[in-house]
Amino acid sequence: MEESRFVRTEMLAPQAPPLGEIGWIRWLRDNLFSSWLNGALTLLAGAAVVWLAAGIGPWFANAVWNAGSLAECREILAGAEGACFAVIHDRWLQLLFGFYPDTLYWRPTLAFLLLFVALAPALFPAVPRRLLWFTAVYPGLAYLLLWGGTIWGPLVALAGVPVGVAAFLALRPALPLLAPAAGLVAPVLWWLLAAGPVAGLLAAALPWGLAPVGSAKFGGFMLSIIIGITGIAVSLPLGILLALGRKSDLFLVKTICVGFIEFIRGVPLITLLFTASLLLNYFLPPGTDFDIILRVVIMVTLFAAAYMAEVIRGGLAAIPRGQYEAADSLGLDYWKAMRLIVLPQALKVAIPGIVNTFIGLFKDTTLVVFIGLLDPIGLSTAIRANTDWNGIYWELFLFIGAMFFVFCFLMSRYSMHLERRLKTDHR
Amino acid sequence: MAIFSDSTRGGFRLGMLIYDTRYRSLTIQVGFLFLAMAGAAWLVDNTVENLRALGKDFNYGFLGTRAGYDINQRFVAYSSDSTHGQALLVGLLNTLFLAAIACALATVVGVLAGIGRLSRNWIVARLMTVYIETFRNIPVLLWIIVMMAIMTEAMPAPSAFRGEDATASMILWDSVAITNRGVYIPEPLFTRGLGDLDIGVFLVSLDLVAVLIVGAAGIYAHLIITRHAEAVQNATGTRPATWWKSLAVLLLPLLALLWALGFHPGWPELKGFNFQGGIYMRNSLIAMWLALSVYTGAFIAEIVRAGILAVSRGQTEAARALGLRPGPTTRLVILPQALRVIIPPLISQYLNITKNTSLALAVGYMDLRSTLGGITLNQTGRELEAMMLMMLIYLVLSLIISAAMNLYNRSVRLKER
């Protein structure tokens, strides 16, 4: 009898997968046409992209980069649709520096470059810690570079810190609990009473310094960055203090902090800026008149600090009670418990919110245009007021928007990097 | 005995105010209060002295005097003969109106973009990512100015709509005209209208009141029908069809009322140099509305995305395992949990919109800041009073919004025992 069974003894050669399951066809099916709805959405979105590209593409392709005025641009374009980026080419120094004297551009540029040196040890752990000394003196140096004047003003102001430390160290053996208060009061007294005359005397004796530049000449992205960076640097510690105050057991401290935070968060920034420009003269002793940029920085800082406090409060709330209790049971006092146990964890949790507040603050610096400072948006109006560039809109907006986008986007990327670096859990 | 030795030994000494933990918090608080009061007193004293030096007093009498300026968008009766107080009210209503429509549109934009960014459709997800990152990282003031420039520079003039060879045309079946002077939309008109009711401060359209009452009654009837269906379902296990009943009670009375009032739309028409008829929405309003909506929409999109991602996959799978269809799964399982995460940050975005309406200054929209904090302030020279009143109003607005939203938040909160 013939054997009717068939047993295959060798393996079939593997076949290539069906054409619809590999390569770009599979990708298209999975990502673009997985259902009728998705297919329709894809076509709709694709049409939108094509429509936008067709509208904007020629505008970019025909862009004119070298011209003296909008009329000249139009002559070169000869009726074609095209951007006139010549305005950026013509005015970009002004958009960066405002009306800062052009022979002194090296000073803000140097201050900006040194900013990265000062920030590096705080931002990246690979940089030697010893550079933090430079970070500490940077505010005085930047002030000197930007505003000019004698070198003694910033030096005497910086001297307030050693004065405070000296008072703290001198009092610590005798009155350990009063020493921190003395360490805080001494520099304030120094700045209020002694700093002015001392700086005056030193400046008279040794007139070293740089050519002074008034605040009215400041503008453009330089102004945004000055206000933004100062606000960011000061609002973080202030926000931490406010958040701790709001979580405090001390009823009065808590009430005052809550009142301050809710008031600031309840009113628009623009009303605070108007307060700075219109009302501050009412609130200060008669005859006081201080710099408009300083006033704006103070208001922007207070505004950001209130938001910062709420973000940090969220971080504090996320720390389990056991951490506070563990710190107490180790015998740490309040400040040590906060500094060593609670805040490092709370701040880590709050990083995304903190950086969002920073980004918000930096974007809010554009609001100073309402009180007459020439930030980039104010400058765009000023440039348009010139007959050469009357009627130019989109190119300026695009440039300003792109600059802000780059700054804010970098900040948010850094925050993601920081989150990854500080991640200690093993999920 | 040893436990109490600290407190009993020797009685009270001055040093204990600092060194004894029982008294230290009191000392710190008294010191803090003293500093705060001294600071406040210093400010008030300075203000009083400065006011005296300028020969000014502090009173709100100016609110009752003639304003003498016009406001181009008003929801209540106002003319240049009205008082500064009425100008304030007009400005406040403009602020509230702008905030309300911007919140509504921002929510729609944000929800769509947030879901779109999570879509499995590659091109939609990328487009939404680009939209969100672009709008979040550029100041809202720039967006407002860009929108205003688009409205005034890129839109056709009314004359472009005229003649045989018109270069522009109205959209949506000739009902909406977008021009560089503003947008014209159809208005509701009533041939047998009920007229207006004067309640002292402003006029209330009785037609609108009637429509609202009938609409609310319809919604109430719909709720009763659904509740009844629920009771039947609980008792018998089958749910009676309710959609046609609901549709009937929601629509029929409203249609009957509109017919009784003689409702007909008033179309905008090109007459002379400009459009006539219809509702005229100014460029400034449109620019503020669009800019605030798309800017805040980008933030809301991220909030929505985070809320959806916060509901774990297991929840969807569990709901499907229970036999729920996709619709009820979303409505009964996903949304209630996602909303709990979404609502609190959404509140603060609504607050941000309300505060950002004050940027209307950039485009000349007559909001609270432009009336009370702008023209009134400049005309009367009462900076202190006007600014303080304005801050107070914004503060009260913010507190009301956050209180209302917190109430809602409490109702959806996770109930733990």
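Note that this is a predicted model, so its numbers are computed, not measured. (Residues numbered from 1 in each chain as written. Chains lettered and ligands numbered in written order. Predicted model: local features only at pLDDT ≥ 70, side-chain atom pairs only at ≥ 80, totals over all residues.)

Caption draft 1: Fine view of the domain arrangement of chain A. Domain annotation for chain A reports domain 1 (36–91), domain 2 (151–210) and domain 3 (216–422). Inter-centroid distance (C-alpha atoms) of domain 1 of chain A to domain 2 of chain A is 58 Å. (Domains from an automatic or database assignment.)

Caption draft 2: Broad picture of the interface of chain B and chain A. Taken together, the 47 residues of chain B in the interface contact 43 residues of chain A. Those elements that provide at least two residues to the side of chain B that touches chain A are α2 (16–19), α3 (21–54), α5 (122–136), α6 (140–154), α12 (368–380) and α13 (383–412) of chain B. The greatest single-element share of the side of chain B that touches chain A, amounting to 13 residues, is contributed by α3(B). Grouping the constituent residues of the side of chain B that touches chain A by class yields 29 nonpolar, eleven polar and seven charged. (Contact = placed C-beta atoms within 7 Å. Helix = DSSP H or I, 4+ residues; strand = E, 2+ residues; numbered from the N terminus. Nonpolar A, V, L, I, M, F, W, Y, C, P; charged D, E, K, R; others polar.)

Caption draft 3: Representation of the nonpolar core. Core analysis: the biggest nonpolar cluster contains 153 residues, and A:C84, A:L273, B:I144, B:A287, B:M288 and B:A291 have the highest contact counts within it. Among the elements that line this core, the one with the most residues is helix α9 (residues 283–310) of chain B, at 16 residues. If we skip the residues at most four places from it in the chain, B:A291 touches B:V140, B:W143, B:I144 and B:M147. Residues A:W152, A:V156, A:A167 and A:A199 belong to the second largest nonpolar core, which totals seven residues. (Core = buried A, V, L, I, M, F, W, Y, C linked by C-beta atoms within 7 Å. Buried ≥ 20, exposed ≤ 12 C-beta atoms within 10 Å, placed from the backbone.)

Caption draft 4: Spotlight on the packing of helix α12 (residues 269–283) of chain A against α3(B). The contact between α12(A) and α3(B) brings their axes to 6 Å, and the two run at 95°. Viewed along their axes, α12(A) and α3(B) adopt a mutual orientation that is roughly perpendicular. Residues A:N281, A:Y282 and A:F283 of α12(A) lie in contact with α3(B), whose contacting residues are B:L43, B:N46, B:T47, B:N50 and B:L51. (Axes fitted to C-alpha atoms, helices over the stretch in contact; angles between N-to-C directions. Parallel < 35°, antiparallel > 145°, perpendicular 65-115°, else oblique.)

Caption draft 5: How the structure looks around the environment of A:F407. Residue and element names in this part refer to chain A. Mapped onto the secondary structure, F407 falls in helix α17 (residues 394–422). With 17 C-beta atoms packed within 10 Å, F407 lands in the partly exposed category. For F407 and K363, which are 44 residues apart along the polypeptide, the C-alpha to C-alpha distance reads 9.7 Å.

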